[in-house]
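# Residue-level structural notes
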Amino acid sequence: MMHISATVNGTHRMGEVEPRLLLVHWLRENLGLVGTPIGCDTSNCGACTVLLDGQSVKSCNMLAVQADGSNITTIQGLGPEGEMGTIQKAFKECHGLQCGYCTPGMVTAAADLLAENPDPTEEEIREGLHGNLCRCTGYHNIVKSVQLAAAEMRGAK
Amino acid sequence: MIPSAFDYVRAGTVDEAVAALVAGGEDAKVLGGGQSLIPVLRLRLNNPSLIVDVSTVDEMRSIVDEGSSLLIGAAVTTDAVMKDAGVQADIPLLAITAATVADRAIRHRGTFGGSCAHADPAGDLPTVAQALDAEFVIAGPGGRRTVAAKDFFLDFFTTAVGPDEVLVAVRVPKLGAGWGVNYQKFQRTAQAWAIVGVAAAVKTEGGTITGARIALTNMGATPIRASSVEAALIGGPATIEAIKAASASAADGTKPTSDTHATADFRSHLARVHTARAVAKAAGI
Amino acid sequence: MTDTIEEAPASIGQPKRRKEDARLLMGETEWTDNIQLPGTLHMAFLRSSIAHAKILRIDTSAAKLAEGVVHVYTGEDFPGQPGSTCVWPVTADIVMTHYPAICTDEVRYGGDVVAVVLATERYLAADALDLIDVDYEPLPAVVDMEEALKEGSPLVHESAGTNRCYTHNMPCGDYEAAKAKADVVVSRRFINQRLIPSPMETRAVVAAPQGMADEITLWTSTQIPHVLRVLLALLTGIPENQIRVVAPDVGGGFGGKLQISREEVLALILAKRLGRPVKWSETRSENMVAMHHGRDQIQDIEIAATKDGKLLGMKVDLLADMGAYLQIITPGTPLLGMFMYSGIYKMEALDFTCTGVYTNKTTTDAYRGAGRPESTFAIERIMDELAAELGMEPMELRKLNWVKHEEFPFTNVAGLTYDTGNYEAATERALELFGYDELRAEQAARRAAGDPVQLGIGISTFTEMCGLAPSRTLGALNYVAGGWEHCTLRVLPTGKVELVTGTAPHGQGHATVWSQIAADVIGVPFEDIEVIYGDTGRAPYGMDTYGSRSLAVGGQAIKVAGERLVEKARIIAAHQLEVSPEDIEFNKGVYSVKGDPEKSNTIQGIAFAAFTAHNLPPGVEPTLHGEATVDPIDFSYPHGTHLAAMEVDTETGKVTLRKYVAVDDCGIQINPMIVEGQVHGGLAQGIAQAMYEGALYDNDGNLLTASMGEYLLPSSADLPSFITDRTVTPSTTHPLGTKGIGEAGAIASTPAIINGVVDAIRHLGVNDVLMPASPQNVWRAIQAAQNGGAA
């Protein structure tokens, strides 16, 4: 077993983990942060995307021990406590989700994209989110959601 | 899916990593960003007894300008490579190709060195290393050695890095002024592997091609240099016709595989088409 | 009573933002895998890696001794226990077969279950699978349907003596007579390839002895909690009244979760037997082989017409791959399209035959559209081929043959009566949005210039049927269940409203849309309605969600339940306002005396009065609720016109979707935002069938596309934004005038894309392209045509 500690959604968390424990299982099963789901086992779908030290990563494609000492933000820590953040509100406004399973990863990936590129073109959004699969929306309204979020975030600055 | 159990060592230095590998024996595996290895572990296609994590070794996380080349630490992420000002300025072929690798999240963790050491023939970055005659700095129990790209990629998922060795860095020569570059990645969907890829760097002077570096992705067990195309191009005019004629030999000597996305014949055809396209774009046509 | 209620706009028709979303967006979700109960045993399945083999011996001794392993079971522990069942024996002589919970003597597809591990931790259960040793004697596998039907083929089920599951023939009119009159007969073989539904959430089950008395609760990621409860009781012998099925948040289904699975059956039995929670979460690689697949038909289509382009008749001969077993509606799925092969067109005769075939592959069953995508593909593709044969513009051929708006109601050649439709209006709007003439001009210019990238236009003018009902019709088709739906509406003493529905949404937004309907019918604020679903304990009656039935059928139940509630409240209001019920007006939640509007009460006020029951009229029982279980009078028939502009790189075979216009007519839209979302998602899946997806097997029956790395789901970068609009032709069979919209996009788009691809390269001699239209398939079609062969 290995000792790890990390800041997760602003809270200091520690644990003894098997080296093989996937980060997503540490989040879900050890820390109870079940808002981050698992969609595949080949790193294709992106449902498990979280922010690690501010950058998007696929938490099922990483060992928990590799996150030792890091700062992790999941969908459950992305907005103000108990509220939706700007991107989340935009997804609601633009009907950017249906079943909602890809949504935590999609929103997190969008946060990562917009942090780097606050005014993306449609093509940049489509390219920037292609590591996150959605089976419900056809992506049309996801793109609109990210465009709206980008506009709101630029306007707020 | 869930990996089999393994022991884990987080190496602080290259020497620590080598020592751990020596102690771990044949069943030890080096973990960099893990973006190729972890799916393999989860699907239990490989069940190492020891994982040696080099992703936080400082020496392997920097890019050093050596004048005529950049020494890129093996644990530098693909994202960092594509955004590095030095790489963008001096080795633009690597920067543009890195931007085609997988997706943002995977590029945040995956590494240039890891991609080369994993040596998937469908990987994009090894092709660039092959095209640019990169050198690989390998550390082992007997010290360090440097291996040229042409001697580094040996077979499917097999490189010159021995079981008790660690790839420390990749030295990529700068091409200098006057070169244009392009990477053609032919894939079925944006997150699919390349069916065929072509990395091209072309130098033109006064309408004549005076330099050409071309390598192919997924046209055999390793990234393959299209030497006959290079030879046919150099000294010839930078015209579409001449480039197409030269590219006709792009698949000569390759041994592409057949899979669910393309037969070997179709891959050969695609290699010819995309070699011409990559060269033309690199030559600014 | 407030003015805001009085002045509130009608809720129906508004693009209300979804009630579901905030929770989903903040990660406050209830996926089945989120459920963590104390004492849980984690279930893992050892699956056959061989498509067809005798099981000689299974050694579980090492696994039983492994850390954390509590039990290891094999088929011998469950003799005769079925793991699934088929409720649709489509013909009297269908060859039904046993689907074991765990295989005992033979495995019949790669992914069949040979052993089950229960362990204290998920990781330990996975480890134990590696310790089970199985000796197989490989048997020859049969993968190809035509091979399977040949004399001497290996048999998937030896005891059946054949791989032919059934042959169903439905002759409508006299096709041979129609053909005899024809100037032109065009025949084609189309392949509707095998697809993997791939909802983003794989399946998951938790079964736990929990709740009242002997009750056992099964949480499962399903589309059909109600149907499942009945079938679980029938299959396991556990009394139905001791089983509670809960479908919590369900991360997509697309037909893939319209099933009863061996994983659910075993979880229930084992939790009952052991008295502990049992949990299983499917991995994606497991899902690719173990959840049912969709489509997989060979379609031999023949169409007969006059030289002027008037359609005379159509012959349809299908081979439909059942896979290794029959599950819930495996044999019926291809027949769901049999009435629809004539599409929107008039013709004299349709001769339909379908043969179901067993193969050593994963079972097939419903996938988005189920039967109608296949029929729509066939008719819309053959119309383009007929147009080419006749030298007609493909849209002109369609206009010549489709049912004109003044001809409704129209009974099609298979006997279905389309209540309403306006194909002219939808087509006109689509052409306008598309820029059809400009694109045709560009196409001509590119052909003239010999551009390596050619342009094609694909047309799909389609209709489909949704809301499988009425029940007696389903009975006539040998379908075991009914097609009704239930709703209970309750106004609680505090004025808040509970809407209990038997539909089981998994992304469709029922909480929002059902609230909109109820808000208008009973006149309460949209925000005050809580929709309860997906739990047989809280919503006991229902037929669940599939086949675009939820609004088409369930929506009717909401309206009727609401009207009954309003009438009950009217009697109470009249009593309290001391007038007769006929003298009471009901408007937006307020009951007032005709001619004296000051004398009034709100529905909320009446609900409180019905709760206290201090002053109710004689014979009126306390509480204010309305219930309805509605069996519709007929299907509903959405339609539309879809147009695709396709670019084909003739040097590489790469296909690009440049522009897509979808004009749909789903009648009255309760929530246009959600309608549009359903269209988008359907389009993505239909386009994916045409361009990207396809399950491939090798000759030994190994699934080659067994991961998301090989089975290519389109990402955001692989699809364009869509141009969509709706025409509105209200349904006359639905009291709200609505039709279904969940599958229309998937049904219409596949032929639009392929028609566009073929149109782009028809001048090169190509007249068909295999799906998916991958670079290799397109390039091969071009090569074959250039080398003088047919594509």
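All figures in this text were calculated on a predicted structure; none of them were measured in a lab.

From N to C terminus, chain C includes 20 helices and 28 strands. A compact globule built from 791 residues would reach a C-alpha radius of gyration of about 28 Å, and chain C, at 28 Å, matches this within 12%. Of all 791 residues assigned to chain C, the portion counted as buried reaches 67%. A sequence separation of at least 24 residues applies to 79% of the contacts in chain C between residues at least 6 apart. Carbon and sulfur atoms form 51% of the exposed surface of chain C, whose accessible area is close to 25400 Å².

The next point concerns the interface of chain C and chain B. Interfaces are often sized by the amount of accessible area the parts lose when they come together. Contact with chain C, which involves 29 residues of that partner, is made by 23 residues of chain B. Between chain C and chain B, the buried area comes to about 2200 Å², and carbon and sulfur atoms account for 57% of it. Per-residue buried area on chain C facing chain B is highest for Glu651(C), Leu712(C) and Gln776(C); these three make up 23% of the total on that side. On inspection of chain C and its partner chain B, the count reaches five salt bridges. The salt bridge partner of Glu651(C) is Arg277(B), with a shortest N-O separation of 2.8 Å. Between chain C and chain B we count twelve residue pairs in polar contact (both at pLDDT 80 or more) in total. Counting only elements with at least two residues in the side of chain C that touches chain B, the list comes to helix H4 (122–129) and helix H20 (775–786) of chain C. The residue inventory of the side of chain C that touches chain B, partitioned by class, reads twelve nonpolar, eight polar and nine charged.

Before going further, it helps to examine the packing of helix H15 (residues 510–522) of chain C against helix H16 (residues 550–577) of chain C. Residue and element names in this part refer to chain C. Their axes nearest at 9 Å, the elements H15 and H16 cross at an angle of 35°. Two packed elements cross with a definite hand, and for H15 against H16 that hand is right-handed. Contact residues: H15 offers His510, Trp514, Ile517, Ala518, Val521 and Ile522, while H16 offers Ser550, Leu551, Gly555, Ile558, Lys559, Gly562, Glu563, Leu565 and Val566. Its residues placed into classes, the contact of H15 with H16 shows nine nonpolar, four polar and two charged.

What follows concerns the interface of chain A and chain C. Counting residues at the interface gives 49 residues for chain A and 55 residues for chain C. Taken together, both faces of the contact between chain A and chain C bury some 4500 Å²; the carbon and sulfur share is 54%. Counting the surface chain A buries against chain C, the share from its top three residues, His95(A), Tyr101(A) and Arg135(A), is 19%. Where chain A touches chain C, the interface holds five salt bridges. Of the charged contacts in the structure, one is a salt bridge between Arg28(A) and Asp33(C), with a shortest N-O distance of 2.8 Å. Along the contact surface separating chain A from chain C lie 28 residue pairs in polar contact (both at pLDDT 80 or more).

All right, on to the domain arrangement of chain A then. Residues and elements named next belong to chain A. By domain assignment, chain A separates into domain 1 (2–77) and domain 2 (86–156). The gap between the C-alpha centroids of domain 1 and domain 2 is 21 Å. Between domain 1 and domain 2 the total buried area reaches about 1000 Å² when both faces are included, carbon and sulfur atoms providing 58% of it. Here domain 1 and domain 2 share zero salt bridges between them. Taken together, the links from domain 1 to domain 2 amount to six residue pairs in polar contact (both at pLDDT 80 or more). Split by residue class, the side of domain 1 that touches domain 2 holds seven nonpolar, eight polar and one charged.

The next point concerns the nonpolar core. Among the nonpolar cores identified, the biggest contains 232 residues, and Met43(C), Tyr660(C) and Ile753(C) are the most heavily contacted of them. With ten residues, the top contributor of residues to this core is helix H19 (residues 744–761) of chain C. Dropping the residues within four chain positions of it, Tyr660(C) is found in contact with His642(C), Leu643(C), Ala644(C), Leu683(C), Ile687(C), Phe722(C), Ile723(C), Ala748(C), Ser749(C), Ala752(C) and Ile753(C). Val18(B), Ala20(B), Met60(B) and Ala160(B) belong to the second-largest nonpolar core, a separate cluster that totals 55 residues.

Attention shifts here to the sheet that holds strand S10 (residues 166–173) of chain B. Residue and element names in this part refer to chain B. Overall, antiparallel pairing links the five strands, which are arranged S4-S5-S10-S6-S7 in an open sheet. Sheet topology places strand S4 (63–65) and strand S7 (143–148) at the edges, where each strand pairs with a single neighbour. Here the strands of the sheet are splayed against their neighbours by 20° on average, with no regard to which way each runs. Pairing of strand S5 (residues 69–73) with S10, which is carried by five bridges, proceeds in the antiparallel orientation. If you follow Gly73 over to S10, its bridge partner there is Ala169. Contacts between helix H1 (residues 14–24) and the sheet are confined to strand S6 (135–140), S7 and S10, with S10 contributing the most and set at about 130° to the helix.

For the rest of this paragraph, the subject is the sheet that holds strand S1 (residues 7–10) of chain B. All names here are of chain B. Pairing in this open sheet of three strands is parallel, and the strands run S1-S3-S2 from one edge to the other. Both outer strands of the open sheet, S1 and strand S2 (28–31), are each paired with one neighbouring strand and no more. Strand-to-strand twist in this sheet, taken as the mean axis angle between neighbours without regard to direction, amounts to 20°. Pairing analysis gives four bridges linking S2 to strand S3 (residues 50–53), with the strands arranged parallel. When the sheet's bridge partners are listed, Leu31 is paired in S3 with Asp53.

This part is about the pairing of strand S14 (residues 311–323) of chain C. All names here are of chain C. Where burial is concerned, most of S14 is hidden: eleven out of the 13 residues are buried. One ladder, built from nine bridges, connects strand S13 (residues 294–305) with S14; its direction is antiparallel. Note on S14: the bridge partner recorded for Asp300 is Asp317. In this structure, the hairpin formed by S13 and S14 is closed by a connection of five residues, where Gly309 is found at a positive phi of approximately 100°. In this sheet, strand S15 (residues 349–358) lies alongside S14 in parallel orientation, the contact comprising ten bridges. Bridging from a neighbouring strand, Lys315 pairs with Asp351 of S15.

This next bit is on the domain arrangement of chain C. Residues and elements named next belong to chain C. Looking at the assigned domains, one finds that chain C contains domain 1 (3–29 + 484–630), domain 2 (32–139 + 202–250 + 257–290) and domain 3 (294–468 + 634–786). Computed from C-alpha coordinates alone, the two centres of domain 2 and domain 3 are separated by 37 Å. In this assembly, 32 residues from domain 2 lie in contact with 26 residues from domain 3. Approximately 2300 Å² of surface area, both sides summed, lies buried where domain 2 meets domain 3, with 66% of it carried by carbon and sulfur atoms. Summed over the shared surface of domain 2 and domain 3, the result is zero salt bridges. Summed over the shared surface of domain 2 and domain 3, the result is eleven residue pairs in polar contact (both at pLDDT 80 or more). For the side of domain 2 that touches domain 3, the secondary structure elements donating two or more residues are helix H7 (225–236) and helix H9 (284–290). At four residues, the largest contribution of residues to the side of domain 2 that touches domain 3 is made by H9. When its residues are assigned to classes, the side of domain 2 that touches domain 3 shows 19 nonpolar, ten polar and three charged.

Looking along a regular strand, one sees the side chains alternate between the two faces of the sheet. All names here are of chain C. Of the two faces of strand S25 (residues 624–630), the one lined by Leu624, Gly626, Ala628 and Val630 is fully buried and the one lined by His625, Glu627 and Thr629 carries no buried residue. Of the pairings in the sheet, the one linking strand S19 (residues 485–491) to S25 comprises seven bridges and is antiparallel in character. Along S25, the bridge assignment pairs Arg490 with His625.

Turning to the packing of aromatic side chains, a few remarks are in order. Under the definition given, this model contains 21 aromatic pairs over all chains. Centre to centre, the rings of Phe136(B) and Phe153(B) are 5.6 Å apart; their planes meet at 85°, and the pair counts as edge-to-face. On the criterion of sequence distance, the pair formed by Phe136(B) in strand S6 and Phe153(B) in strand S8 (residues 153–155) is long-range, its members being 17 residues apart. Residue class for Phe136(B) comes out buried when judged on its relative accessible area of 0%. Geometrically, the ring pair formed by Phe434(C) and Tyr436(C) is tilted, given 6.4 Å between the ring centres and 45° between the ring planes. Since its relative accessible area comes to 8%, Tyr436(C) is described here as buried. Here a set of aromatic residues connected by ring pairs shows up, and it is made of Phe410(C), Tyr418(C), Phe635(C) and Tyr637(C). Over the ring of Phe526(C) we find Lys19(C); its NZ or CZ atom is 4.5 Å from the centre of that ring. One residue, Arg549(C), lies across the ring of Tyr546(C), its end atom 5.4 Å from the ring centre.

Rules used throughout
Residues numbered from 1 in each chain as written. Chains lettered and ligands numbered in written order. Predicted model: local features only at pLDDT ≥ 70, side-chain atom pairs only at ≥ 80, totals over all residues. Heavy atoms only, no water. Helix = DSSP H or I, 4+ residues; strand = E, 2+ residues; numbered from the N terminus. Rg over C-alpha atoms; globule rule 2.2 N^0.38 Å. Buried < 20%, exposed > 50% of the residue type's maximum accessible area, 1.4 Å probe, protein only. Contact = heavy atoms within 4.5 Å. Areas by Shrake-Rupley, 256 points an atom, 1.4 Å probe, with all protein chains shown as cover. Buried area = accessible area lost by both parts, 1.4 Å probe. Salt bridge = Lys/Arg side-chain N within 4 Å of Asp/Glu carboxyl O. Polar contact = N/O pair within 3.5 Å; in protein donor to acceptor, adjacent residues only side chain to side chain. Nonpolar A, V, L, I, M, F, W, Y, C, P; charged D, E, K, R; others polar. Axes fitted to C-alpha atoms, helices over the stretch in contact; angles between N-to-C directions. Left-handed = near helix turned anticlockwise from the far one by under 90°. Domains from an automatic or database assignment. Core = buried A, V, L, I, M, F, W, Y, C linked by side-chain atoms within 4.5 Å. Pairing = 2+ DSSP bridges. Phe/Tyr/Trp six-rings, centres within 6.5 Å; stacked < 30°, edge-to-face > 60°. Lys NZ or Arg CZ within 6 Å of the ring centre and 35° of its normal.

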